[in-house]
Amino acid sequence: MASSGGISDQLFVSVKLESPRLAELDLAPHLFGSHPVAGSWDPCKALPLERAATSVWEFSCVVPSQHESLDFKFVLKREDDSSQYIIEEGPNRPLGCQSNEFEMRTAVFKLNEGKEVLECKVQIETEMLSPFDLAASWRAHQEYFQPSRVRGTHDVTINPGLEGRAKNGFASGLELDLEKYVVPTPNMGSGVVYAANLTENPRSLLQTGSSSNNDTTKDILHSSTKGDSSSNHYVNTMKSAIGGHAPSLEEQRAMFVDRGVGSPNFARPTKETFSMSNFKLDSDSKQGMPAAEGAVAAAAVADQMYGPKEDRKLAIVLVGLPARGKTFTAAKLTRYLRWLGHETKHFNVGKYRRLKHGTNQTADFFRGDNREGVEARNEVAALAMEDMLSWMQEGGQVGIFDATNSTRIRRNMLMKMAEGKCKIIFLETLCNDQDVLERNIRLKVQQSPDYAEQTDFEAGVQDFKERLTYYEKVYEPVEEGSYIKMIDMVSGKGGQIKINDISGYLPGRIVFFLVNCHLTPRPILLTRHGESMDNVRGRIGGDSSLSEVGELYSRKLASFVEKRLKSERTASIWTSTLQRTILTAHPIIGFPKIQWRALDEINAGVCDGMTYDEIKKSKPEEYESRRKDKLRYRYPRGESYLDVIQRLEPVIIELERQRAPVVVIAHQAVLRALYAYFADKPLEEVPNIEIPLHTIIEIQMGVAGVQEKRYKLMDAIHPTAGL
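Quick look at the structure, then. Since this is a predicted model, take the numbers as computed values, not measurements.

Another point: the overall build of the chain. The helix and strand inventory of the chain stands at 22 helices and 25 strands. In the chain, buried positions account for 54% of the 723 residues. Pairs at least 24 residues apart make up 73% of the contacts formed inside the chain by residues separated by at least 6 positions.

Take a look at the structure:
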């Protein structure tokens, strides 16, 4: 089934026929059948198999995953006379639609008017692949330049060779020093920022006179800090708080999802609590909605983006030892949910601890038998939880609670505090790759404020490893409640996700997002198409070709991509289906190109092809309504920015899943929405984000977070108005 972006998984079919006698008999195998890929049932139009070895011929094609029943047969033709042919004996061969099937059969041909029988071995394999997997494998295995012989691949192309380089103007391309074209980044910094510093500020500690409104928390903290603070007393308090035992492993309903090459094999939850009847706008949003024809139609989308997706509030509680990527994962998830329109905040307990107890705590502070340290850490965790619950009561929807939460006692405390207020899902990160852990530890010591005053880097590393040892001694994996376990997914070498008791619309989206995330560093390059003829005329929408200036930019962009990604074997170029992006990508050679309908420019509906002056004169109400609320305004019979964000979600998921660089050549409104995701911009800012012509925005994704660099290859001669 095709996605909203027009990209669906496709069934890759490989057919091989083997016979040592065919060459001796001067016969060549062909294939014909009921599908256009196979030609037709006319033997004269049968498609030849390519010779792969001395006695092996092969044929490969791609068909939609949900295709109708297909039949085919083999036919042998004379090398010197294609009008003479011998059709395979027996019934037609059906081609199923199942993935990862392997079948060995025999093809029988009668020669010499039936006097002689020739048997050939036939091997048929099918595999479900996305166009991105196909493109990457072609580039990796065919050394950049050999064109694919797989039939039926209309959305993915690879330029056949290096010819035409001089004709395409590479000689007048860029200087070797790409840094010459770097320009300031107005919206997102290029430096590395410690992710925990970007989380929610601890208002319970920063606001004077603030008090807790959670009596349960007060009682628990009082008994642990003022009264009998022995570990046994604390355990008994928490047992009474949850009112029962933790479920055993046998009682858990869990499933494993292997994360291998290609699309993850993830089964969506069957207990859906999402209902369209839950969609509603608050009174302020309804009153502020523009009243013009296109704006009124946008209300349904605004409901989805701004209205609650579920009645319950949701808390994602991180669990895991230090240096397992918890904060980075929490930051990515927060950014994703905000971009989809969910009111989400990230609360980091370490930030609370540093504010209340300082940044100079040594590893001893984190010992499990250090009673004062345990009490202090539980206290700041409770304060952070109180802040998160208070924020939810004020209208927040999803809270990300970021801490080690490594013991059942701590987790039981959090569940008791959340009882009746929000649903808790534990998100546990596990990593067994020692190389990844060593890298993360050093990155942590380098960035964390805990070691800002430590002048000896190696001493800081040793102290952090000692802290980690103390956590390991008391660590208890999650076996209770609803949980998601991410196992070895930060290494970039695959991994698993284990989920238990997960149901509902939003939890399902969260799991799907996490399945596709990883920390492999790679750049994503965003650029608008070269200047188009409609840009010159000041007209919006349309499907015009490039101007002379735009053609020059396409050649400069090709030179830039060649220099910037010359060592990347599996990089790919993504464009929309509109010709101005396809033409901009055309001079780029040696990389697979993939067309997404989801990357098409915002649909201007009845205003398509008009200038803004024409819209203002002929449709003044529409013009004024769009000016008042550019985010939610929908062109009559067209789209709003919220519509664009919704259809771009599969693009974001695929960008997160990619491990190789991607060059996205698209349009201003689309790139505004994509950039807002990476830069974590509020939805209200999306329509006004600056995405200039002839400029490349390089987004570097990896364990250090998201950084940006911009390259301005040339000036835009004609001013253009943004959609």
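Read on for the rest.
R410, R411, N412, M413, L414, M417 and A418 are the residues of helix α11 (residues 408-418) that are buried. Immediately beyond the C-terminal end of α11, within one or two residues, lies G420, with a positive phi of roughly 80 degrees.

It is worth spelling out the environment of T527 at this point. Residue placement: T527 occurs in strand β20 (residues 522-528). By relative accessible area, T527 is classed as buried at 1%. Linking T527 and Y711, residues 184 residues apart in sequence, is a C-alpha distance of 9.8 Å. Non-local contacts of T527, meaning those with residues more than four positions away in its chain, are made with Y553, L557, V664, I665, A666, L671, T695 and I696.

Moving on, we come to the environment of A452. With respect to the helices and strands, A452 occurs in the loop between α12 (434-447) and α13 (457-474). Here A452 falls in the exposed class, since its relative accessible area comes to 62%. Between the alpha carbons of A452 and T359 there is a distance of 8.1 Å; along the sequence they are 93 residues apart.

Taken as a whole and assessed by the stated rule, the structure comprises 30 salt bridges. R408 is paired through a salt bridge with E479; the nearest N and O atoms lie 3.5 Å apart. One end of the pair, R408, is in helix α11; the other, E479, is in the loop between α13 and β18 (482-487), with 71 residues separating them in the sequence. On the accessibility criterion, R408 (25% relative accessible area) is partly exposed. Its relative accessible area of 22% is what places E479 among the partly exposed residues. E624 serves as the salt-bridge partner of R627, at 2.3 Å between the closest nitrogen and oxygen. Taken together, the residues R627 and E624, both in helix α19 (residues 620-628) and three residues apart, mark about one turn of the helix. It is possible to trace a salt-bridge network through shared partners that takes in R353, R354, D450 and R467.

What follows covers the nonpolar core. Counting residues in hydrophobic clusters, the biggest one holds 64 residues, and the most contacted among them are I316, I484, L599 and V664. Inspection of this core shows a minimum of three residues originating in each of domain 2 (309-516) and domain 3 (523-712). Here I484 is in contact with I425, F426, L427, E428, I497, K498, I499, I502, I510, V511 and L514, once residues within four sequence places are set aside. Judged by nonpolar contacts, the second largest core, of 40 residues, contains A382, A418, F426 and Y483.

Once that is clear, we can look at the side chain of R632. Locating R632 in the fold gives a position in the loop between α19 and α20 (641-647). Exposure remark for R632: the relative accessible area of 10% places this residue in the buried category. Within the structure, R632 has its side chain in polar contact with the side chain of D629 (distance 2.7 Å).

Time to look at the packing of aromatic side chains. Taken as a whole and judged by the stated rule, the model has twelve aromatic pairs. On the basis of an interplanar angle of 75 degrees and a centroid distance of 5.2 Å, the ring pair of F32 and W41 is categorised as edge-to-face. On the basis of relative accessibility, which here comes to 37%, the residue W41 falls in the partly exposed class. Seen from their ring centres, F72 and F74 are 5.8 Å apart, and the 85 degrees between their planes marks the pair as edge-to-face. Residue F74 is classed as buried on the basis of its relative accessible area of 0%. Each residue in the set W339, Y677 and F678 is aromatic and connected to the rest through ring pairs, giving one cluster.

So, how was this worked out
- Residues numbered from 1 in each chain as written.
- Predicted model: local features only at pLDDT ≥ 70, side-chain atom pairs only at ≥ 80, totals over all residues.
- Heavy atoms only, no water.
- Helix = DSSP H or I, 4+ residues; strand = E, 2+ residues; numbered from the N terminus.
- Buried < 20%, exposed > 50% of the residue type's maximum accessible area, 1.4 Å probe, protein only.
- Contact = heavy atoms within 4.5 Å.
- Salt bridge = Lys/Arg side-chain N within 4 Å of Asp/Glu carboxyl O.
- Core = buried A, V, L, I, M, F, W, Y, C linked by side-chain atoms within 4.5 Å.
- Domains from an automatic or database assignment.
- Polar contact = N/O pair within 3.5 Å; in protein donor to acceptor, adjacent residues only side chain to side chain.
- Phe/Tyr/Trp six-rings, centres within 6.5 Å; stacked < 30°, edge-to-face > 60°.

Purely geometric numbers; function is a separate question.
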